[in-house]
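Summary of structural features
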Amino acid sequence: MDLTNGAAPLVCTVLPTYNERDNIDLLVRGILDHATTPHIVLVVDDNSPDGTADVVRALAAELNTPEQQRVMLYVRTGQKGLTTAIQTGIDLAIHTLGADIVTWMDCDLSMPPADVPRLTAAIIEDGADMAVGARWIPGGADVAHGLVARTLSRVINGLAVAMLGSQVHDYTSGFIAGRTPLLRGLRLQGDYGEYCIDLLGRTVRAGLRVQEVPYVCVPRTAGESKTGANLWDYLVKGRKYVATIWRLRRNHQLR
Ligand SMILES: Nc1nc2c(ncn2[C@@H]2O[C@H](COP(=O)(O)OP(=O)(O)OP(=O)(O)O)[C@@H](O)[C@H]2O)c(=O)[nH]1
Ligand SMILES: [Mg+2]
């Protein structure tokens, strides 16, 4: 779809969930309340034992009408994992729902739902191919994580900027919006932050336009982190992130 031809584009926000019962209601309502274009929220839940899917079913029953489906749920039973959940959501958003723009974010309310239209505006109004919510630019911040996690994130993102390009300063963001034609040709690969470095790195290196939108990452108040929060976990993740940056850089040089 030509986003400049005046018709309002359809945006689909993919929400990957595992045990987010106490966050998902507020998040879905927040996204729909702030939406500035036709908007569908698609929750991809990995059969969470805490009953996240039941909360989404209740929301769908309340907010959907025969004319307008605003809340959709896809429950996966045979598969688990953040990256494949997002990819499943992107595929459904594009091929089943006909979305023009797909966005996704964490569901722990650490990424403010009010910022979703700022990401889509970067595409619709400013002509970007992809928009990324960024903590490490003026106006952005991370008040969710401690000093060690913030420092490691800044060091890894500094390395990514030096090796992959300075269009992006938060390669591990996970708060993304992309045009359908771009996303249709891409497959996410890697775990958690790795997939994000890989996606943004490939997009930047392909010469496409990525626009950053500052956002403030706030602490999760309900539910538990799935990625752990001790120094060892951060170092294990960090090693994988550096390996991803290095692989992208080497592949580009070889080409
Ligand atoms: N569908 C699905 N979603 C997942 C899975 N693991 C994590 N998620 C979701 O991915 C998002 C990020 O998970 P978090 O636990 O917040 O991980 P994180 O943001 O790296 O960790 P914190 O920095 O501690 O918040 C949340 O929306 C989770 O519910 C999974 O296996 N399947
Ligand atoms: Mg989180």
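Scroll up to find the structure.
What comes next is a walk through the structure. On a predicted model such as this, the values are computed, not experimentally measured, just so you know.

Attention shifts here to the environment of Thr-37. Mapped onto the elements of the fold, Thr-37 is located in the loop between helix 1 (21-34) and strand 2 (39-45). Classification of Thr-37 by relative accessible area gives buried; the value is 18%. Sequence separation between Thr-37 and Pro-9 is 28 residues; the distance between their C-alpha atoms is 6.6 Å. Leaving out residues up to four positions away in the same chain, Thr-37 has contacts with Pro-9, Val-11 and Ile-124.

Now for the nonpolar core. One finds Val-102, Trp-104 and Leu-200 to be the most contacted residues of the largest nonpolar core, which totals 39 residues. Residue contacts for Val-102: discarding those within four places in its chain leaves Cys-12, Val-14, Ile-90, Ala-93, Ile-94, Ile-176, Ala-177, Gly-178, Thr-180 and Leu-183. Judged by nonpolar contacts, the second largest core, of 29 residues, contains Leu-27, Met-105, Ala-122 and Ala-131.

By the definition in use, this model includes 15 salt bridges. For Arg-135, the salt bridge goes to Asp-170, with nearest N and O atoms at 2.8 Å. Of this pair, Arg-135 sits in the loop between strand 5 (130-134) and strand 6 (141-142) while Asp-170 is found in the loop between helix 5 (147-164) and strand 7 (176-179), placing the two residues 35 residues apart along the sequence. Residue classification places Arg-135 among the buried positions, given a relative accessible area of 9%. The shortest N-O distance in the salt bridge between Asp-198 and Arg-247 comes to 3.0 Å. You can see Asp-198 sitting in helix 7 (residues 192-205) and its partner Arg-247 sitting in helix 8 (residues 231-254), a full 49 residues away along the chain.

Glancing now at helix 3 (residues 82-96). Its 15 residues give helix 3 an end-to-end C-alpha distance of 20 Å, which sits within 8% of 21 Å, the value for a rise of 1.5 Å per residue. All of the buried residues in helix 3 are Leu-82, Thr-83, Ala-85, Ile-86, Gln-87, Thr-88, Gly-89, Ile-90, Ala-93 and Ile-94. Once helix 3 ends, the next one or two residues include Gly-98, with phi positive near 70°.

Let us look at helix 1. Listing the buried residues of helix 1 in full gives Asn-23, Ile-24, Leu-27, Val-28, Gly-30, Ile-31 and Leu-32. Of the surrounding secondary structure, the elements contacted by the buried residues of helix 1 are strand 1 (11-17), strand 2, helix 2 (52-63), strand 3 (71-75) and helix 4 (116-124).

Assessed through its relative accessible area of 1%, Asp-198 is described here as buried. Of note is the side chain of Asp-198, whose polar atom sits 3.2 Å from the side chain of Gln-189. Within the structure, Asp-198 has its side chain in polar contact with the side chain of Arg-247 (distance 3.0 Å). Residues contacting Asp-198, with those up to four places away along its chain left out, are Gln-189, Thr-244, Arg-247 and Leu-248.

Moving on, we come to the packing of aromatic side chains. Given two aromatic rings, their pairing is described by the distance between the two centres and the angle made by the two planes. Applying the stated rule across the entire model yields one aromatic pair. Measuring from ring centre to ring centre gives 5.2 Å for Phe-175 and Tyr-215, while their planes differ by 85°; the resulting arrangement is edge-to-face. Of this pair, Phe-175 sits in the loop between helix 5 and strand 7 while Tyr-215 sits in the loop between strand 8 (210-214) and strand 9 (216-217), placing them 40 residues apart in sequence. Under the relative-accessibility criterion, Phe-175 is labelled buried at 1%. Overall, the relative accessible area of 3% leaves Tyr-215 in the buried class. The residue whose ring lies beneath Lys-80 is Tyr-18, and the NZ or CZ to ring-centre distance is 4.1 Å.

Right, let's talk about the sheet that holds strand 5 for a bit. The mixed open sheet is built from seven strands, whose spatial order is 3-2-1-4-7-5-8. The two strands at the open ends of the sheet, each matched to only one other strand, are strand 3 and strand 8. The average undirected angle you get between the axes of adjacent strands in this sheet is 20°. Pairing between strand 2 and strand 3: five bridges, direction parallel. The partner of Leu-42 across the bridge, within strand 3, is Met-72. Across the sheet, helix 1 lies against strand 1, strand 2 and strand 3, angled at about 155° from strand 2, the strand it touches most. Sheet strands touched by helix 3: strand 1, strand 2, strand 3 and strand 4 (101-104). Its angle to strand 1, the strand with the most contacts, is close to 155°.

Calculation criteria
Residues numbered from 1 in each chain as written. Chains lettered and ligands numbered in written order. Predicted model: local features only at pLDDT ≥ 70, side-chain atom pairs only at ≥ 80, totals over all residues. Heavy atoms only, no water. Helix = DSSP H or I, 4+ residues; strand = E, 2+ residues; numbered from the N terminus. Buried < 20%, exposed > 50% of the residue type's maximum accessible area, 1.4 Å probe, protein only. Contact = heavy atoms within 4.5 Å. Core = buried A, V, L, I, M, F, W, Y, C linked by side-chain atoms within 4.5 Å. Salt bridge = Lys/Arg side-chain N within 4 Å of Asp/Glu carboxyl O. Expected span 1.5 Å × (residues − 1). Polar contact = N/O pair within 3.5 Å; in protein donor to acceptor, adjacent residues only side chain to side chain. Phe/Tyr/Trp six-rings, centres within 6.5 Å; stacked < 30°, edge-to-face > 60°. Lys NZ or Arg CZ within 6 Å of the ring centre and 35° of its normal. Pairing = 2+ DSSP bridges. Axes fitted to C-alpha atoms, helices over the stretch in contact; angles between N-to-C directions.

On their own, these measurements won't tell you what the molecule is for.
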